[in-house]
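The residues making up each chain are set out below.
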Amino acid sequence: MKILVQKFGGTSVSSEEKREKAVSKVIEAVKNGYNVVVVVSAMGRNGDPYATDTLINMAKSIYSDIPKRELDLIMNCGEIISSVLFAATLSNKGYKAKALTGGQAGIITDDNFGNAEVINVDPSRILEVLREGIIPVVAGFQGITQKGELTTLGRGGSDTTAALLGVALKAEAVEIYTDVDGIMTADPRIVSTAHIIDKISYNEVFQFAEQGAKVVHPRAVEIAMRGNIPLIIKNTMSDSGGTIITNYSDAYDSIYEVDKLVTGIANMNNRVQITIESTENVQDIFEKIGEEKISIDLISIFPDKQVFTISEADFEKLRRLFEKYGVKYSYRTNCAKVSIIGNRIRGVPGVMARVIKALSKRNIEIYQTADSHNTISCLVSQDKVEEAIRVLHDEFSL
Ligand code: ADP
Ligand code: ASP
Ligand code: MG
């Protein structure tokens, strides 16, 4: 069976007019002979009636400390509403369609509410629906535990649903429809001259996503890579070819791209830099931070102190933890991380020097740096991050 998974993000289904556009992409694929499996996100962004953030805020306005289970339950509603409306729109156009929850679509997870791990994907129900000539419209971002609890897969997790189903169904490709033309050299909302990358390796796009470019979820990239299924990022509102994400050798078949040192720039906002000043029982403290599921980044260990960053959202939790264990620390709020990404940074001398020089010339102070094979990251002040991105975009002629 020739299967194509098409996922539509929140902005692609935020109004009737946009949903019509999205539905037309499905119909086009059906006409091209595909058995389409649709995955949808909740409609719109914060403030829109059934958007995920709106639902969260609604629940939090009553609950002072909402249990994670309840939060997942209310978040599940957003995608379910969206899937029913999408299926209804397809039906109105004469295409049989059926909305399915994540659980009904066979996505079984553990009970780590808010960021559940998928333990099994059973595609049999979807295949059954497809065999009946019906288009399944799956609520993204959600799963069910073996005990029947509803879970979510982490913010932005509808991409993950699409990749999981693509692999389980052995689809020809997974198309991720969003509100930009594809993966760009930087967030187009920040850099007006950012341009689209036609082809990119899984590895680099994973770095992009990990470093904060939320255009696609890193887990989705990882799943597609392991299943060796092409991921294609496209714009619901245009007919542009989008970005094809595939393996390295397929992605770099042109000399131009091989020559390019840096592929793009990503940023992660709302970071807090933490410095632990006590040295006793440091391993224990890091263990406790892990147990609290606080994710840390830009970790620098010195003999007399440890420096790292966390998300602002985890700061209160960390403060409580440090108070409990009497940890001496200082912190710097309002930070953001800017990262350059490129598979070819590895082994090329002087790249870090260029980054530092370009930022210093504009008086952008660097609080911390880190590098890996294919990234160089700098922590800067939140109010300088957009300028930093533009400066680096220019510096590397993107
Ligand atoms: P969706 O609701 O479709 O899942 P997201 O908001 O999650 O959409 O992702 C799309 C957004 O990602 C774009 O609107 C864009 O602002 C942002 N973005 C950040 N970095 C990039 C990049 N390098 N290329 C394209 N978009 C990016
Ligand atoms: N609606 C969910 C979110 O806002 C999942 C997604 O959009 O992918 O995080
Ligand atoms: Mg998204």
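Values in this document were obtained by computation on a predicted structure and should not be read as measured data.

### Here's the deal with the overall build of the protein
- Within the protein, the secondary structure is distributed over 13 helices and 18 strands.
- By the compact-globule yardstick of 21 Å for 398 residues, the protein fits well, its C-alpha radius of gyration being 22 Å.
- Over its C-alpha atoms, taken along the principal directions, the protein stretches across nearly 65 × 55 × 35 Å.
- Taking all 398 residues of the protein together, 51% fall into the buried category.
- Contacts in the protein between residues far apart in sequence, at least 24 positions, make up 73% of those at least 6 positions apart.
- Accessible surface, the protein as shown: approximately 18,400 Å² in total, 48% of it carbon and sulfur.
- Here the protein contributes 45 positive and 51 negative side-chain charges, whose respective centroids are spaced 2 Å apart.

### A look at the site of ligand 2
- Close contacts around ligand 2 come from S41, T52, E79, F141, R155, G156, G157 and S158, and that covers them all.
- A distance of 2.8 Å separates an oxygen atom of ligand 2 from a polar atom in the backbone of G156.
- Here an oxygen atom of ligand 2 and a backbone polar atom of G157 are 3.4 Å apart.
- Within the complex, the protein chains bury 85% of what would otherwise be the 260 Å² of accessible surface of ligand 2.
- Residues belonging to the shell around ligand 2 are distributed by class as follows: 1 nonpolar, 5 polar and 2 charged.

### A closer look at the packing of helix α1 (residues 16-31) against helix α3 (residues 68-92)
- Closest axis-to-axis distance for the α1/α3 pair is 10 Å, and the angle between their directions is 65°. Note on packing geometry: the crossing formed by α1 with α3 is right-handed. Where α1 approaches α3, its residues R19, E20, A22, V23, V26 and I27 are matched on the opposing element by L85, F86, T89 and L90.
- Within the contact of α1 with α3, the residues separate by chemical class into 7 nonpolar, 1 polar and 2 charged.

### Observations regarding the pattern of salt bridges
- A full pass over the atoms with the stated rule returns 17 salt bridges.
- We note a salt bridge from D179 to R45, for which the minimum N-O separation is 3.5 Å. Pair noted here: D179 is in the loop between β9 (173-178) and β10 (199-201) and R45 is in the loop between β2 (35-40) and α2 (52-60), with a separation of 134 residues, a long-range link.
- Its relative accessible area of 31% is what places D179 among the partly exposed residues.
- Assessed through its relative accessible area of 36%, R45 is described here as partly exposed.
- E395 serves as the salt-bridge partner of R354, at 2.8 Å between the closest nitrogen and oxygen. Placement of R354 in helix α12 (residues 351-361) and of E395 in helix α13 (residues 385-395) is noted, with a sequence separation of 41 residues between them.

### A word on the UniProt feature "binding site: ATP" (unreviewed entry) in the protein
- As annotated in UniProt, the feature "binding site: ATP" (unreviewed entry) corresponds to K7, F8, G9, G10, T178, D179, R189, K214 and V215 in the numbering used here.
- Tracing the backbone shows K7 in strand β1 (residues 3-8).
- In this structure, K7 is in contact with V39, S41, S158, D159, A162, E175, I176 and Y177, ignoring residues within four places of it in sequence.
- One polar contact links K7 to D159, side chain to side chain, over a distance of 2.7 Å.
- When residues no more than four places from it in sequence are discounted, the contact partners of R189 are R45 and D179.

### Some details on the environment of K18
- Within the secondary structure, K18 sits in helix α1.
- A residue is classified by how much of its surface remains accessible, and K18, at 30% relative accessible area, is partly exposed.
- On a C-alpha basis, the gap between K18 and I80 in space is 18 Å, while along the polypeptide they are 62 residues apart.
- Not counting residues up to four positions away in its chain, the partners in contact with K18 are T11, S12, T236 and M237.

### Observations concerning α12
- Turning to α12, its buried residues are V351, V355, A358 and L359. With its buried residues spanning 95° around the axis, α12 presents them on a single face. Those residues of α12 that are exposed and aimed more than 90 degrees away from the buried face are K357 and K361.
- Tucked inside the fold, the buried residues of α12 contact β16 (329-341), β18 (375-381) and α13.
- Count one or two residues on from α12 and you reach N363, which has phi positive near 60°.

### Details of the sheet that holds strand β15 (residues 306-311)
- Spatially, β14-β15-β13-β16-β18-β17 is the arrangement adopted by the 6 strands of the open sheet, whose pairing is antiparallel. Edge strands, defined here as strands with exactly one partner in the open sheet, are β14 (297-301) and β17 (368-371). Going across the sheet, the axis of each strand differs from the next one's by a mean of 30°, ignoring polarity.
- Relative to β18, β16 runs antiparallel, the two sharing 7 bridges. Across the sheet, S339 pairs through a bridge with S377, a residue of β18.
- Against the sheet, α12 touches β16, β17 and β18, its axis set at about 20° to β18.

Conventions adopted
Residues numbered from 1 in each chain as written. Chains lettered and ligands numbered in written order. Predicted model: local features only at pLDDT ≥ 70, side-chain atom pairs only at ≥ 80, totals over all residues. Heavy atoms only, no water. Helix = DSSP H or I, 4+ residues; strand = E, 2+ residues; numbered from the N terminus. Rg over C-alpha atoms; globule rule 2.2 N^0.38 Å. Buried < 20%, exposed > 50% of the residue type's maximum accessible area, 1.4 Å probe, protein only. Contact = heavy atoms within 4.5 Å. Areas by Shrake-Rupley, 256 points an atom, 1.4 Å probe, with all protein chains shown as cover. Lys, Arg positive; Asp, Glu negative; His and termini not counted. Charge placed at Lys NZ, Arg CZ, Asp CG, Glu CD. Near = heavy atom within 4 Å. Polar contact = N/O pair within 3.5 Å; in protein donor to acceptor, adjacent residues only side chain to side chain. Nonpolar A, V, L, I, M, F, W, Y, C, P; charged D, E, K, R; others polar. Axes fitted to C-alpha atoms, helices over the stretch in contact; angles between N-to-C directions. Left-handed = near helix turned anticlockwise from the far one by under 90°. Salt bridge = Lys/Arg side-chain N within 4 Å of Asp/Glu carboxyl O. UniProt positions renumbered as here; feature names shortened; annotations may be inferred. Arc of directions from axis to C-beta. Pairing = 2+ DSSP bridges.

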